[in-house]
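# Coordinates in review
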Amino acid sequence: MSAMIEISGVSKWYGPIQVLKDCSTRVEKGEVVVVCGPSGSGKSTLIKTVNGLEPFQQGRISVDGIDLSAKTTNLPKLRARVGMVFQHFELFPHLKIIENLRLAQVKVLGRSVEEANAKGMALLDRVGIKMHADKYPGQLSGGQQQRVAIARALAMDPIAMLFDEPTSALDPEMINEVLDVMVALAKEGMTMMVVTHEMGFARKVANRVVFMDAGEIVEDAHKEEFFGRPRSERAQAFLSKIL
Ligand code: ADP
Ligand code: MG
């Protein structure tokens with residue numbers, strides 16, 4: 001297998017505080033990696049470095065073989081090919097749902113409005129939101145908005161998808177409708193890096209689990225190994241709290 005995302009020896013500081021400590025891991029093409037760990041352990045920071053949203057001072061990250069730090073790398077172009085879904089949907093509130101799906105397709109990929117519309121509607125259909133295409137984000141539930149955010153990312157034909165706690169701002173009854181979309185995506189072979197504490201999701205589709213604590217990758221294991229017998233005390237303590 002070849003790596004879609006390769007993170008090697010990445011360290012990052014905010015001023016004097018080191019928030020990523022020599023982090024290394026890789027995500028193969030078609031693989032799903034779940035990242036978990038206590039609050040403040042660096043999960044969001046790590047995932048944001050992968051699509052160039054956060055600079056880092058040491059180490060190397062490559063996506064589809066392209067080195068993020070190389071002077072010749074067109075970072076905005078690469079970023080457009082890596083989908084990112086955040087905890088708080090971040091849809092444009094003043095744009096209709098279908099307009100949210102069209103915008104970057106037209107502005108970044110140069111697609112025609114018709115083409116972007118067709119692609120947008122097909123994806124809304126896939127996530128079960130087609131009937132709400134002409135509504136505004138504020139008229140939809142949190143679970144529906146998050147499904148729109150996933151569809152919007154998919155409209156860019158991403159080579160990989162990054163998720164940062166996509167269900168943690170949702171009411172419990174909406175979590176599964178979002179996880180179901182993510183499970184389907186995983187089963188279709190999308191390369192995914194998912195920060196989540198939804199261990200049911202991890203058990204169902206993850207290939208590997210990365211456990212972070214205090215800026216370090218403490219464990220990076222196949223899911224059976226991670227859930228069956230985590231090696232570190234820190235991971236054991238974390239699991240005993242959330243399972
Ligand atoms: P997690 O997602 O695991 O909760 P984060 O990646 O958000 O953790 O944060 C890791 C550490 O970096 C935390 O100690 C946090 O306070 C710190 N941090 C995050 N963003 C900033 C920032 N913009 N400036 C300074 N410190 C930050
Ligand atoms: Mg976070």
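No experiment lies behind these values; they were computed from the predicted model shown.

## Things to note about the packing of aromatic side chains
The description of an aromatic ring pair rests on the distance of the ring centres and on the angle between the ring planes. Taken as a whole, this structure holds three aromatic pairs when the rule is applied. Centroid distance phenylalanine 211 to phenylalanine 226: 6.4 Å. Interplanar angle 35°. Geometry classified as tilted. Note that phenylalanine 211 is positioned in strand β9 (residues 208-213) and phenylalanine 226 in helix α8 (residues 223-228), a separation of 15 residues in sequence. What makes phenylalanine 226 buried here is its relative accessible area of 0%.

## Notes on the UniProt feature "domain: ABC transporter" (unreviewed entry) in the protein
In the numbering adopted here, UniProt assigns the feature "domain: ABC transporter" (unreviewed entry) to residues 5-239. The span residues 5-239 is 37% helical and 26% strand by assignment, and the distance between its end C-alpha atoms comes to 26 Å.

## Section: the environment of arginine 81
Note on placement: arginine 81 falls in the loop between α2 (75-80) and β6 (82-85). Residue classification places arginine 81 among the partly exposed residues on the basis of a relative accessible area of 31%. Linking arginine 81 and methionine 199, residues 118 residues apart in sequence, is a C-alpha distance of 27 Å. When sequence neighbours within four positions are dropped, the list of residues in contact with arginine 81 reads Asp64, Pro158, Ile159 and Ala160.

Thresholds, definitions, all that
- Numbering of residues starts from 1 in each chain and follows the order in which that chain's sequence is written.
- All chains are assigned letters beginning with A, and all ligands numbers beginning with 1, in the order in which they are written.
- Local features in this predicted model are restricted to residues of pLDDT 70 or higher, and side-chain atom pairs are both shown and tallied only at a pLDDT of 80 or more, whereas totals for entire chains, interfaces and linings draw on every residue.
- Remark: hydrogens and water are excluded; side-chain values derive from all non-hydrogen atoms of the structure.
- Only rings of Phe, Tyr and Trp enter the pairing, Trp through its six-membered ring, and a pair is recorded when the two centres are within 6.5 Å. The plane angle decides the type: under 30 degrees is stacked, over 60 is edge-to-face, the rest tilted.
- A run of DSSP states H or I qualifies as a helix once it reaches four residues; a run of E qualifies as a strand once it reaches two. Both are numbered from the N-terminal end.
- Only protein chains enter the accessibility calculation, which uses a 1.4 Å probe; a residue is then buried when its area is under 20% of its type maximum, exposed when over 50%, and partly exposed in between.
- UniProt positions are given in the numbering used here, feature names are shortened, and annotations may be inferred rather than shown by experiment.
- Residues count as neighbours in contact if any of their non-hydrogen atoms are within 4.5 Å of one another.

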